[in-house]
Amino acid sequence: MHVFADTIISAEEVRKKFESVAGSAGTGSSRKLSFDATCNPQKFFLSGISVTPPAAAEVAILKRSGGAEVVLRLMWGPLPAPFPRALALVGVLLGVLLALLSDGSAGVLATASLIALLPAAALLYQQAGERRLQSQLGEILGVPRFQPKPH
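Residues numbered from 1 in each chain as written. Predicted model: local features only at pLDDT ≥ 70, side-chain atom pairs only at ≥ 80, totals over all residues. Heavy atoms only, no water.

Can you help me understand the pairing of strand 1 (residues 2-7) in this one?
A regular strand places its side chains on the two faces of the sheet in alternate fashion. Within strand 1, 5 of the 6 residues are buried, leaving the element largely enclosed by the surrounding structure. Pairing between strand 1 and strand 5 (residues 67-76): 6 bridges, direction antiparallel. Bridge pairing links Phe-4 to Val-71 in strand 5. Bridge count for strand 1 against strand 7 (residues 147-149) is 3 bridges, and the pairing is antiparallel. In the strand pairing of strand 7, Val-3 is matched with Pro-148. (Buried < 20%, exposed > 50% of the residue type's maximum accessible area, 1.4 Å probe, protein only. Helix = DSSP H or I, 4+ residues; strand = E, 2+ residues; numbered from the N terminus. Pairing = 2+ DSSP bridges.)

Written out as structure tokens, the structure reads:
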């Protein structure tokens, strides 16, 4: 999934702001925003204690007249953002299938619930991380929010 924001800041100034972040953009939360300029393309990610891969975003800075456009490719660690959505869907489908095909015992229903709910919980956690990452980058750029971008 891609999101973008237009800013009046030049592309060079955006790069300088991002490079100055390098782990110092924690806005009071326990999860800090980190920038990895060594990746190609460059990448932001939320660092901190996490039970799932961290929310991340590859960054593309496009020059525009009177500013720049910043495009983020949202990711789940090294995987694209649709992966946790697909994992949650598969988990829910397997959980429901197991519950329907089982004999209805408490152990099987508990297992089916775990199979369905754990991937869904991981998805919600990932989406919260994506929102936090976009919010912190928006504060750095001085833009109110990122918008979805068709690709």
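Anyway, onward from the coordinates.
For this particular structure, what's the right way to read the nonpolar core?
Grouped burial of nonpolar side chains is what soluble globular proteins tend to show. Membership of the largest hydrophobic core comes to 26 residues, with the highest contact counts inside it found for Val-14, Phe-18, Phe-44, Val-70, Leu-72, Leu-137 and Phe-146. For this core, the secondary-structure elements that each account for two or more residues are strand 1, helix 1 (11-21), strand 2 (32-36), strand 3 (43-47), strand 4 (55-64), strand 5 and helix 3 (106-141). Each residue touching Leu-72, except ones within four places of it in the same chain, is listed here: Met-1, His-2, Val-3, Ala-57, Glu-58, Val-59, Leu-133, Gln-134, Leu-137 and Phe-146. (Core = buried A, V, L, I, M, F, W, Y, C linked by side-chain atoms within 4.5 Å. Contact = heavy atoms within 4.5 Å.)

Is there a simple way to think about the packing of helix 1 against helix 3 in this case?
Describing two packed helices takes the angle between their axes plus the distance from one axis to the other. Viewed as axis vectors pointing N to C, helix 1 and helix 3 meet at an angle of 125°, and their least axial separation amounts to 10 Å. One finds that helix 1 runs oblique with respect to helix 3. The handedness of the crossing between helix 1 and helix 3 comes out as right-handed. Taking contact as the criterion, the partners of Val-14, Lys-17, Phe-18 and Val-21 in helix 1 are, on helix 3, Leu-137, Ile-140 and Leu-141. Along the lines of polarity and charge, the residues of the contact of helix 1 with helix 3 split into 6 nonpolar, no polar and 1 charged. (Axes fitted to C-alpha atoms, helices over the stretch in contact; angles between N-to-C directions. Parallel < 35°, antiparallel > 145°, perpendicular 65-115°, else oblique. Left-handed = near helix turned anticlockwise from the far one by under 90°. Nonpolar A, V, L, I, M, F, W, Y, C, P; charged D, E, K, R; others polar.)

Explain the side chain of Gln-134 to me, please; I cannot follow it from the model alone.
Structurally, Gln-134 is set in helix 3. Look past the residues within four positions of Gln-134 in its chain and what remains in contact with it is Val-3, Leu-72, Leu-74 and Phe-146.

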